[in-house]
Amino acid sequence: MELWILFGSFTLLLLIGTPVAFCLGASSFFTVLYLGLPPVVVFQRLNSGISVFALMAIPFFIFAGDLMVRGDIARRLVALAGSMIGHLRGGLGQVNIVASLMFGGVSGSAAADASAVGGLMVPQMKARGFDVDYAVNITVVSSIIALMIPPSHNMIIYSIAAGGRLSIADLFTAGIIPGLVLAASLMIATWWVAKRRGYPTEPFPGFAMMWRLFVSAMPGLILIAIIFGGVRSGWFTASESSNIALVYALLVTVLVYRTLPLSEFIEATKGAVRTTAMVLLVIGCAACFGWLLAYLKVPAQLVEILQNISSNPLVILLLMNLILLVLGTFMDMSPLIVITTPIFLPVATAFGIDPVHFGVILILNLGIGLCTPPVGAVLFVGCAVGRISIWQAMRTIWPFYGAAFVTLMMVTYVPALSLWLPSVFK
């Protein structure tokens, strides 16, 4: 009965349009009352869920990414990507993907990636003869590359949801090769669709121009090296690296590029505060929800159910992927990480799956959910940038979904893609 109250009230509140954080908090409160526990337990678990030092990294990475967006970093990275691969079939579509890869290493946010890169690339692609649905689809799906590579905020959330025992440096490193594989898969899909539709290529500007654009974009690229190199080498923690990234972003945008007026700095500050408050409220309420799941022994019951279905880890991984893909279409990513990690991670480890490997699978899986209606936050951002309806985008997005799904299966069943690079750095 407790589980019926927990999941039933959560589903009902979600269906009537209640914000996800309040759905999680209210359903937890109702269940605690039914169990006869003190109501203050809800607030204690919420507080403990956000009173984690590693979470300090998230607001500073968000702030640094917003400063980079407003400080002309994205435009320089797009120009560099265009000089490198604009001459390939699909032209600006290929540029869009590589720009997302570069900018993802600065922002760590799929929504910021879709907004910044999409805001630059979609109008250019429309002006050069590309269909708007093609431009939006590439922008939306390629933005989830930012979730895989450092400084992915969601990797930090997963580490905390896993009990704080997983190295954030290992998770950052584990996502790099899968992120590159996803970029390559999307570039193949982009080439195939471009060839079918007869889209143009861009002229190669020459190595001299490429070098000038590389030098122009170098300060933004250095930030990627600072974040990853510092955390991986042990010079500073993820929380410390977020502060260094913020200071560096301020120095670059104010003193080097001189493209950040005071008004934009104030707006970036307000935006970072709003986003941080929203994310932390969701994490806190989801932590309470996850604690109740553990209290009611849901993970143990799920392990038993799956063991009755199959003892083959490959089958178990497929089932978990399918469940997560469905869940990702109905909920945002951050609360799902906090809720599903305590449920599925024990199942994964019970079947001999490495927790770091499972984390990469989880992040990529839920990232695909961000591009899928009805609650596809990144899909909504991309469609808003391109000024088209969700239906227009969904009719032709399937080749890019296919590329992302193939990548998910490769990452799932080839653990070396996730685990080889961390082992090298160790």
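Bear in mind that the values here come from a model prediction, so they are computed numbers and not experimental data.

Undergrad: Please set out the overall build of the chain residue by residue, giving values where relevant.
TA: When helices and strands are tallied, the chain shows 22 helices and zero strands. Against the compact-globule benchmark of 22 Å for 426 residues, the chain has a radius of gyration of 21 Å, which places it among compact chains. Across the 426 residues of the chain, 56% fall into the buried class. Entry remark: accessible area of the chain is about 17,200 Å², with carbon and sulfur atoms responsible for 70%. When the 20 basic and 14 acidic side-chain charges of the chain are each reduced to a single mean position, those positions are 7 Å apart.

Undergrad: Tell me about the layout of surface pockets, residues and numbers included.
TA: As a volume, the largest pocket reaches approximately 1,100 Å³. Taken together, 41 residues make up the lining of the largest pocket; nearest its centre are Ser109, Ala111, Thr275, Met278 and Val279. For the lining of the largest pocket, the secondary structure elements donating two or more residues are α2 (20–35), α4 (57–70), α7 (110–127), α9 (153–161), α14 (262–295), α17 (333–350) and α19 (377–386). Among the elements that line the lining of the largest pocket, the one with the most residues is α14, at eight residues. There is about 550 Å³ of room inside the second largest pocket. Along the wall of the second largest pocket there are 21 residues; nearest its centre are Phe7, Phe10, Thr11, Leu327 and Met331. Of all the secondary structure elements, the ones that give two or more residues to the lining of the second largest pocket are α1 (2–15), α14, α15 (298–309) and α17.

Undergrad: Quick one: what's the story with the nonpolar core, residue by residue and with numbers?
TA: In this structure, Tyr134, Tyr158, Met320 and Phe358 are the most contacted members of the largest nonpolar core, which totals 144 residues. Examining the composition of this core, we find that eleven residues originate from one element, α14, more than from any other. Contact partners of Tyr134, with chain neighbours within four places excluded, come to Gly90, Gly93, Met125, Thr190, Val193, Ala194, Arg197, Tyr199 and Phe400. In terms of nonpolar packing, the next biggest core, distinct from the first, is built from six residues, Ile177, Val181, Phe228 and Leu417 among them.

Undergrad: Tell me about a nonpolar patch on the surface, residues and numbers included.
TA: A cluster of nonpolar side chains, Val247, Leu251, Val254, Leu255 and Val256, forms an exposed patch at the surface whose accessible area comes to about 440 Å². By the element assignment, Leu251 lies in helix α13 (residues 238–256).

Undergrad: If you had to explain the packing of α17 against helix α18 (residues 355–369) to someone new, which residues and values would you point to?
TA: Between α17 and α18, the least distance of the axes is 10 Å, while the angle of their chain directions is 140°. When the axis of α17 is compared with that of α18, the two are oblique. Considering how the two elements wind past one another, α17 and α18 form a crossing that is right-handed. Contacts between α17 and α18 pair Met333, Leu336, Ile337, Thr340, Thr341, Phe344, Leu345, Ala348 and Thr349 from the former with Pro355, Phe358, Leu362, Ile363, Leu366 and Gly367 from the latter.

Undergrad: I'd love a proper account of the UniProt feature "transmembrane region" (unreviewed entry) in the chain, names of residues and values included.
TA: Mapped onto the present numbering, the UniProt feature "transmembrane region" (unreviewed entry) falls on residues 49–69, 132–150, 171–193, 213–231, 243–260, 272–294, 314–331 and 400–421. Here residues 171–193 is 96% helix and 0% strand, with 33 Å between the C-alpha atoms at its ends. Helix makes up 100% of residues 272–294 and strand 0%, and the two end C-alpha atoms of the span are 32 Å apart.

Undergrad: Help me get a handle on the environment of Phe63, residues and values and all.
TA: Its place among the elements puts Phe63 in helix α4. With a relative accessible area of 12%, Phe63 lands in the buried category. For the pair formed by Phe63 and Leu250, sequence separation is 187 residues and the distance between their alpha carbons is 10.0 Å. With near-sequence residues (within four places) excluded, Phe63 lies in contact with Leu246, Phe265, Ala268, Thr269 and Ala272.

Undergrad: Can you break down the pattern of salt bridges residue by residue, with the values?
TA: Taken as a whole and judged by the stated rule, the model has two salt bridges. The partner of Arg197 in a salt bridge is Asp131, with the nearest N and O atoms 3.3 Å apart. With Arg197 in helix α11 (residues 176–197) and Asp131 in the loop between α7 and α8 (132–142), this pair connects stretches of sequence that are 66 residues apart. Looking at Arg197, the relative accessible area reads 31%, which means it is partly exposed. Between Arg197 and Asp133 there is a salt bridge, and its shortest N-O distance comes to 3.3 Å. Here Arg197, found in helix α11, pairs with Asp133, found in helix α8; they are 64 residues apart in sequence, far enough to count as distant.

Undergrad: Which residues make up unusual backbone geometry, and what values go with them?
TA: Look at the link from Pro150 to Pro151: it is a cis peptide, with omega at 5°. Note on placement: Pro151 falls in the loop between α8 and α9.

Undergrad: Can you tell me about the packing of aromatic side chains, naming the residues and giving the values?
TA: Inspection of every chain in the model, using the stated rule, returns eight aromatic pairs. Where Phe63 meets Phe265, the ring centres are 5.9 Å apart and the plane angle is 40°; that geometry is what we call tilted. With Phe63 in helix α4 and Phe265 in helix α14, the pair connects residues that are 202 residues apart, well separated along the chain. For the ring pair Tyr134 and Tyr199, a centre distance of 4.7 Å and an interplane angle of 50° mean the geometry is tilted. Note that Tyr134 is positioned in helix α8 and Tyr199 in the loop between α11 and α12 (207–233), a separation of 65 residues in sequence. When its relative accessible area of 4% is taken as the criterion, Tyr199 is described as buried.

Undergrad: Explain the side chain of Thr341 to me, using residue names and the numbers behind them.
TA: Along the chain, Thr341 turns up in helix α17. Within the structure, Thr341 has its side chain in polar contact with the backbone oxygen of Ile337 (distance 2.6 Å). Apart from residues no more than four positions distant in its own chain, Thr341 is found in contact with Tyr158, Ala161, Ala162, Leu336, Pro346 and Leu362.

Parameters and conventions
All residue numbers here refer to positions counted from 1 along the written sequence of the relevant chain. Under the rules for a predicted model, residues below a pLDDT of 70 receive no local features and side-chain atom pairs below 80 are neither given nor counted, while totals for whole chains, interfaces and linings still include all residues. In computing side-chain properties, one takes all heavy atoms of the structure into account and sets aside hydrogens as well as water. Numbering of helices and strands starts at the N terminus; helices are DSSP runs of H or I of at least 4 residues and strands are runs of E of at least 2. Radius of gyration: C-alpha atoms only; globule rule: 2.2 Å multiplied by the number of residues to the exponent 0.38. Only protein chains enter the area calculation, which uses a 1.4 Å probe; residues under 20% of their type maximum are buried, those over 50% are exposed, and those in between are partly exposed. Where accessible areas are quoted, they stem from the Shrake-Rupley method and a 1.4 Å probe; at the residue level, only the protein chains shown are allowed to cover. Charge counting treats Lys and Arg as positive and Asp and Glu as negative, with His and both chain ends excluded. Charge positions come from single atoms, namely NZ of Lys, CZ of Arg, CG of Asp or CD of Glu. Only protein atoms enter the 1 Å grid, on which a cavity is a set of points fitting a 1.4 Å probe that cannot get out and a pocket is an open set with protein on both sides within 12 Å along at least 5 of 7 lines, lining residues being those with an atom within 4 Å of a point. Grid points are joined across faces, edges and corners, and a volume is the space filled by probe spheres set on the points. Note on terminology: a nonpolar core comprises buried Ala, Val, Leu, Ile, Met, Phe, Trp, Tyr and Cys residues joined through side-chain atoms within 4.5 Å. Throughout, a residue-residue contact means that at least one pair of heavy atoms, one from each residue, lies within 4.5 Å. Residues forming no salt bridge and having over 30% relative accessible area are the ones grouped into patches, like charges within 9 Å of each other and nonpolar side chains (Val, Leu, Ile, Met, Phe, Trp, Tyr) within 5 Å. Between Lys or Arg on one side and Asp or Glu on the other, a salt bridge is scored when a side-chain nitrogen of the former is within 4 Å of a carboxyl oxygen of the latter. Only the contacting stretch of a helix is used when fitting its axis, a line to C-alpha atoms as for every element, and angles between N-to-C directions run 0 to 180 degrees. For classification purposes, an angle smaller than 35 degrees is called roughly parallel, one larger than 145 roughly antiparallel, one from 65 to 115 roughly perpendicular, and anything else oblique. With the far helix as reference, a near helix turned anticlockwise by less than a right angle produces a left-handed crossing, and one turned clockwise produces a right-handed crossing. UniProt positions are given in the numbering used here, feature names are shortened, and annotations may be inferred rather than shown by experiment. Two rings from Phe, Tyr or Trp (for Trp, the six-membered ring) form a pair when their centres are within 6.5 Å of each other. A pair whose planes differ by under 30 degrees is stacked, one over 60 is edge-to-face, and the rest are tilted. Pairs of N or O atoms are called polar contacts if they sit within 3.5 Å, as long as, within protein, a hydrogen donor faces a hydrogen acceptor (for residues adjacent in sequence, only side-chain-to-side-chain pairs).

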